[in-house]
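Overview (structure and organization)
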Amino acid sequence: MSVHKEAKRITTHILQSMKDNGEKIAMLTAYDYSMARILDEAGIDILLVGDSASNVMAGHETTLPITLDQMIYHASSVVRGIKRCFVVVDLPFGYYQGDSKLALKSAIRIMKESGAHGVKLEGGAEVIDSVKRILTAGIPVMGHLGLTPQSIYKFGTYTVRAKENEEAKRLLSDAVLLEKSGCFGIVLEKIPAKLTTKVAKKVKIPIIGIGGGGGADGQVLVTHDMVGITKDFKPRFLRRYADLFNVMKESTESYIKDVRSGDFPNDKEQY
Ligand code: KIV
């Protein structure tokens, strides 16, 4: 019997049962109502209101500028568009690091004001106090290890992380720490496939990969990359399922042509 096919609503318990049952978890990003409706109707398990909204929606170079208010605006729009999937929201940069009380306050605002189902934050041992304090309020927490874009100025580049033994060992121990602290899942971004497999075997909670190979318990992509809206972003790990940039560009060109020629609106398209 398939756990996710039976489930009317996806919860952290369903996600855990999916891992236990060997069923892969499908996760995508969403930042608005219309996109959330489409992805939820398609049967997605988790929607991530990612701080990648800073890049994708606002055109910033990094995820650092997005604010908590902006994340709440995106998250509440997504929540209004879904019926079934689990919605997890990124805690933005500057609202949880080094201050677990601030982290709890930020997480509570997200849950109260957006109606989302959980939060995600980046880092391991260095943010564990924040993780633990948020969990005391009964808020599900997802970890994020490997390439953590909020630390881009520390890394210097967006290249593959944890290729060296020492960083790989630290990542594994951070994953165990996040699990022990009570996280319901962990995103592993852009790390060697072998390391993803090792972590997914070592910890019992679901591991969701992006650029981490097929050994994870599920996969996440930025939806705008997956459907080809962000046409210039072409990392090796990305599979494009559509070319919406060109579909929308060509539709717009046709619309402009029809308006200019007077073909639109025709007799049937007016009152
Ligand atoms: O913000 C985001 O979209 C993310 C994914 C890349 C996992 O954190």
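Described in the following lines is the structure provided in the data block. (Residues numbered from 1 in each chain as written. Predicted model: local features only at pLDDT ≥ 70, side-chain atom pairs only at ≥ 80, totals over all residues. Heavy atoms only, no water.)

**Overview of the side chain of histidine 224**
Tracing the backbone through its elements, the reader meets histidine 224 in helix 11 (residues 223–226). Judged by relative accessible area, histidine 224 falls into the buried class, the value being 9%. In contact with histidine 224, not counting residues within four places along its chain, are Tyr31, Met35, Val56, Met57, Ile229, Thr230 and Arg240. (Helix = DSSP H or I, 4+ residues; strand = E, 2+ residues; numbered from the N terminus. Buried < 20%, exposed > 50% of the residue type's maximum accessible area, 1.4 Å probe, protein only. Contact = heavy atoms within 4.5 Å.)

**Some remarks on the site of the ligand**
All residues in the neighbourhood of the ligand are listed as Thr29, Leu48, Gly50, Asp51, Ser52, Asp90, Lys120, His144, Val187, Glu189, Ile210 and Val222. Within the side chain of serine 52, a nitrogen or oxygen atom sits 2.5 Å from an oxygen atom of the ligand. Interatomic distance of 3.1 Å between a side-chain N/O atom of aspartate 90 and an oxygen atom of the ligand. For the ligand, the protein covers 95% of the area, taking 260 Å² as the surface of the free molecule. Of the residues contributing to the shell around the ligand, the split by class is 4 nonpolar, 4 polar and 4 charged. (Near = heavy atom within 4 Å. Polar contact = N/O pair within 3.5 Å; in protein donor to acceptor, adjacent residues only side chain to side chain. Areas by Shrake-Rupley, 256 points an atom, 1.4 Å probe, with all protein chains shown as cover. Nonpolar A, V, L, I, M, F, W, Y, C, P; charged D, E, K, R; others polar.)

**Observations regarding the sheet that holds strand 2 (residues 46–49)**
The parallel closed barrel is built from 8 strands, whose spatial order is 1-2-3-4-5-6-7-8. Neighbour-to-neighbour, the strand axes of the sheet open up by a mean angle of 25°, direction not taken into account. Judged from the 2 bridges that link them, strand 4 (residues 118–120) and strand 5 (residues 141–146) form a sheet pairing that is parallel. Considered in strand 5, the bridge of valine 119 is made with valine 141. (Pairing = 2+ DSSP bridges. Axes fitted to C-alpha atoms, helices over the stretch in contact; angles between N-to-C directions.)

**Here's the deal with the pairing of strand 2**
Remark: a regular strand shows side chains that alternate across the two faces of the sheet. Of the two faces of strand 2, the one carrying Ile46 and Leu48 and the one carrying Leu47 and Val49 are both buried. Both strand 1 (residues 25–29) and strand 2 contribute to a ladder of 3 bridges, which runs parallel. Considered in strand 2, the bridge of leucine 28 is made with leucine 47. Chirality of the crossover, the property in question, places the unit of strand 1, helix 3 (residues 33–42) and strand 2 among those that are right-handed. Two elements, strand 2 and strand 3 (residues 86–90), share 4 bridges in a ladder whose sense is parallel. Bridge pairing links isoleucine 46 to phenylalanine 86 in strand 3. (Right-handed = clockwise from strand over helix to strand, strands pointing away.)

**Side note on helix 6 (residues 100–114)**
Compared with the 21 Å implied by 1.5 Å per residue over 15 residues, the 21 Å span of helix 6 between its first and last C-alpha is a close match. Among the residues making up helix 6, those that are buried are Ser100, Ala103, Leu104, Ser106, Ala107, Ile110 and Ser114. Down the axis of helix 6, the buried side of the element spans an arc of 165°, and every buried residue falls inside it. Structural note: helix 6 exposes Lys101, Lys105 and Lys112 on the side pointing more than 90 degrees away from its buried face. Of the surrounding elements, those touching the buried residues of helix 6 are helix 5 (68–81), strand 3, strand 4 and helix 7 (128–136). N-cap assignment for helix 6: the residue whose side-chain oxygen lies 3.2 Å from the backbone N of lysine 101 is aspartate 99. (Expected span 1.5 Å × (residues − 1). Arc of directions from axis to C-beta.)

**Let's talk about the packing of helix 5 against helix 6**
Contact pair helix 5 / helix 6: the axes reach a minimum separation of 9 Å and the direction vectors enclose 35°. Note on packing geometry: the crossing formed by helix 5 with helix 6 is right-handed. Along the contact surface, helix 5 presents Leu68, Asp69, Ile72, Ala75, Ser76 and Val79, while helix 6 presents Ser106, Arg109, Ile110, Glu113 and Ser114. Here the contact of helix 5 with helix 6 is composed, by residue class, of 5 nonpolar, 3 polar and 3 charged. (Left-handed = near helix turned anticlockwise from the far one by under 90°.)

**As for the nonpolar core**
Counting 59 residues, the largest nonpolar core has Leu47, Val87, Ile134 and Val199 as its most contacted members. Formed by 18 residues, the second largest nonpolar core is a distinct cluster that contains Ala7, Phe86, Met142 and Val220. (Core = buried A, V, L, I, M, F, W, Y, C linked by side-chain atoms within 4.5 Å.)

**Details of the side chain of arginine 161**
Structurally, arginine 161 is set in the loop between helix 8 (152–155) and helix 9 (165–181). On the basis of relative accessible area, arginine 161 is assigned to the buried category, the value being 15%. Only 3.1 Å separates the side chain of arginine 161 from the side chain of glutamate 167, close enough to count as a polar contact. In this structure, arginine 161 is in contact with Gly146, Leu147, Phe155, Glu167, Lys190, Ile191 and Pro192, ignoring residues within four places of it in sequence.

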